[in-house]
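# Structural features, examined
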Amino acid sequence: MELQLSNIRKEYKKDKLMRNTISENPFEQFACWLNDALHCGEDEPTAMIVATVAPDGRPSTRTVLLKGVENGRFIFYTNYESRKGQQLADNPYISLSFVWHKLERQIHIEGKAEKCPQKDSDAYFSTRPYKSKIGARISPQSRIINNRTEIIRAFVKEAIKLTGQRIQRPGNWGGFAVTPTRFEFWQGRENRLHDRFLYTLCKEEHISSSSSPESDGWRIVRLAP
């Protein structure tokens, strides 16, 4: 199959990004842009592409939903035995990418992930819809299954077994908190002369559960498009 793609063109004209108008704090800039995405009708504005690295050095990506930004950390939830969960157990370095087509914007974040405290994962799990809780309990995420019927049967069986009960979070499911060391904000511009600003953490060695990068210093530079 041959696809003719070389002639697809789009000019980006909706906005610009200037050094004198962006925040000195990347978390504040992120919040501003996310708020814009939430209110402009962007599909799945909290969707982010999560990249991890396998032990053999090969990267892999998938899309998950951002569920919080707390104390300078980006929070998402998953099965710890999934492909990404296993890769993060071996190598905690991670990247997150947000792409908002209606706004012609992207944000790329790099940092280090660690598991959320169990109490935080319990608290979030308790807010999930009933069927989502059942799904988290029965899905062997990322593993091969014979067919869809297999997973549907497991779902129904678990739902019947737990009828009328408080559904507990499975031990292999919970949150990851990502502490960023690098942000890049990208705004599409005409003639492919895009605006790109890079924030890098001045004291990257401070990455730990006891630090808050929101209050650390950030170096800001403009990158060539």
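Residues numbered from 1 in each chain as written. Predicted model: local features only at pLDDT ≥ 70, side-chain atom pairs only at ≥ 80, totals over all residues. Heavy atoms only, no water.

## A closer look at a nonpolar patch on the surface
- Taken together, Met1, Leu3, Leu5 and Ile8 make up a surface patch of nonpolar side chains, about 540 Å² in accessible area.
- Leucine 5 sits in the exposed class, given a relative accessible area of 52%. (Patch = residues over 30% accessible without salt bridge, like charges linked within 9 Å, V, L, I, M, F, W, Y side chains within 5 Å. Areas by Shrake-Rupley, 256 points an atom, 1.4 Å probe, with all protein chains shown as cover. Salt bridge = Lys/Arg side-chain N within 4 Å of Asp/Glu carboxyl O. Buried < 20%, exposed > 50% of the residue type's maximum accessible area, 1.4 Å probe, protein only.)

## Remarks on the UniProt feature "binding site: substrate" (unreviewed entry) in the chain
- Per the UniProt record, "binding site: substrate" (unreviewed entry) is annotated on Arg9, Lys10, Glu11, Tyr12, Lys67, Tyr124, Arg128, Ser132, Arg192, Leu193 and His194. Annotated residues spanning 186 residues; largest pairwise C-alpha distance 43.4 Å, indicating distribution over more than one region.
- For tyrosine 12, the residues in contact, after removing those within four places along its chain, are Glu104, Trp186, Gly188, Arg189, Glu190, Arg192 and His194.
- The residue leucine 193 is located in the loop between strand S7 (173-187) and strand S8 (195-201) in this model. (UniProt positions renumbered as here; feature names shortened; annotations may be inferred. Contact = heavy atoms within 4.5 Å. Helix = DSSP H or I, 4+ residues; strand = E, 2+ residues; numbered from the N terminus.)

## Some details on the environment of arginine 19
- Tracing the chain through its elements places arginine 19 in the segment before helix H1 (26-39).
- Judged by relative accessible area, which is 34%, arginine 19 ranks as partly exposed.
- Spatially, the C-alpha atom of arginine 19 lies 25 Å from that of glutamate 42, the residues being 23 residues apart in sequence.
- Here arginine 19 is in contact with Glu24, Phe197 and Ile220, once residues within four sequence places are set aside.
- Side chain to side chain, arginine 19 and glutamate 24 meet in a polar contact 3.0 Å long. (Polar contact = N/O pair within 3.5 Å; in protein donor to acceptor, adjacent residues only side chain to side chain.)

## Section: the packing of aromatic side chains
- Applying the stated criterion across every chain, the model contains 18 aromatic pairs.
- On the numbers, 5.2 Å between centres and 75 degrees between planes, the contact of phenylalanine 27 with phenylalanine 183 is edge-to-face. Of the two residues, phenylalanine 27 sits in helix H1 while phenylalanine 183 sits in strand S7, which places them 156 residues apart along the sequence.
- The exposure class of phenylalanine 27 is buried, given its relative accessible area of 5%.
- When its relative accessible area of 0% is taken as the criterion, phenylalanine 183 is described as buried.
- Ring plane angle 65 degrees and centroid distance 5.3 Å describe the contact between phenylalanine 125 and tryptophan 173, whose orientation is recorded as edge-to-face. Residue phenylalanine 125 is located in helix H3 (residues 118-127), and its partner tryptophan 173 is located in strand S7; the two are separated by 48 residues in the primary sequence.
- A cation over an aromatic ring shows up here: lysine 115 above the ring of tyrosine 80, its NZ or CZ 4.2 Å from the ring centre. (Phe/Tyr/Trp six-rings, centres within 6.5 Å; stacked < 30°, edge-to-face > 60°. Lys NZ or Arg CZ within 6 Å of the ring centre and 35° of its normal.)

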